[in-house]
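# Close look at the chain arrangement
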Amino acid sequence: MSVGELLSILLLGAGLSMDAFAVSVCKGLAVKEVKIKHLVLVGAWFGAFQALMPLAGYFLGSSFHSYIEKVDYLIAFVLLLIIGANMLKEAFSGDEGKPADASFGVKTMLLMAIATSIDALAAGIALAMDETVNIWLAVLIIGVTTFILSAAGVKIGSIFGEKYQKKARIAGGVVLILIGLKTLLEHFGIL
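None of the values given here were measured: they were computed from a predicted structure.

### Comments concerning a nonpolar patch on the surface
- A grouping of Ile-36, Val-40, Leu-140, Val-144, Phe-147 and Ile-148 is seen on the molecular surface, where their side chains present a nonpolar patch of about 560 Å² in accessible area.
- When residues of the nonpolar patch are traced back to their parent elements, those giving at least two are α2 (36-63) and α6 (135-160).
- Looking at the nonpolar patch, the element that brings in the most residues is α6, giving four residues.
- Looking at the element boundaries, Ile-148 is found in helix α6.
- Since its relative accessible area comes to 52%, Ile-148 is described here as exposed.

Below, the structure is given as structure tokens:
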């Protein structure tokens, strides 16, 4: 894997983790006293799901890749554009101020982990279109990146509040759109 490909995966991981980061910030806001176990628990839930969803998407995308091989670059571009645009839409929708649930129970965390990782499923399908990608390394990077950013989000939320939630979603959306654009430009030999 080249340095450029590694950087793309790191940026993809950071972009995908922005929803989890934003929810983690809200968790930090909702908890009166943040403990290490909160950081690890939130990081583990979000990191695991952000890793599992692209893996599932990759295998799903790989199963029909031969049928769509001629337009795979376009599918990857469109999926990443949609995911990124949706994150931007959420950031500007005005729903950022919803109070967070302070519960760390299995049901609450499972629902939040699924909700914040749906876009990673689509990203996994996009990764399947790139035959050179090492999916295991990509999944590891995405999971670890999300773990770190989610754990940090809880702490940041407890310290700084809602101030950075919108900015995190905007950054994530922009990064995903840029990765999609890079895929499209590389196909046409512009990059």
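### Regarding the packing of helix α1 (residues 3-30) against helix α5 (residues 106-128)
- The contact between α1 and α5 brings their axes to 11 Å, and the two run at 165°. Here α1 is positioned roughly antiparallel relative to α5, judged by the angle of their axes. Helix-helix and strand crossings are classified by hand; for α1 and α5 the assignment is right-handed. Across from Ile-9, Leu-12, Leu-16, Asp-19, Ala-20, Val-23 and Lys-27 in α1, the residues of α5 making contact are Thr-108, Met-109, Met-112, Thr-116, Asp-119, Ala-120, Ala-123 and Leu-127.

What counts and how
Residues numbered from 1 in each chain as written. Predicted model: local features only at pLDDT ≥ 70, side-chain atom pairs only at ≥ 80, totals over all residues. Heavy atoms only, no water. Patch = residues over 30% accessible without salt bridge, like charges linked within 9 Å, V, L, I, M, F, W, Y side chains within 5 Å. Areas by Shrake-Rupley, 256 points an atom, 1.4 Å probe, with all protein chains shown as cover. Salt bridge = Lys/Arg side-chain N within 4 Å of Asp/Glu carboxyl O. Helix = DSSP H or I, 4+ residues; strand = E, 2+ residues; numbered from the N terminus. Buried < 20%, exposed > 50% of the residue type's maximum accessible area, 1.4 Å probe, protein only. Axes fitted to C-alpha atoms, helices over the stretch in contact; angles between N-to-C directions. Parallel < 35°, antiparallel > 145°, perpendicular 65-115°, else oblique. Left-handed = near helix turned anticlockwise from the far one by under 90°. Contact = heavy atoms within 4.5 Å.

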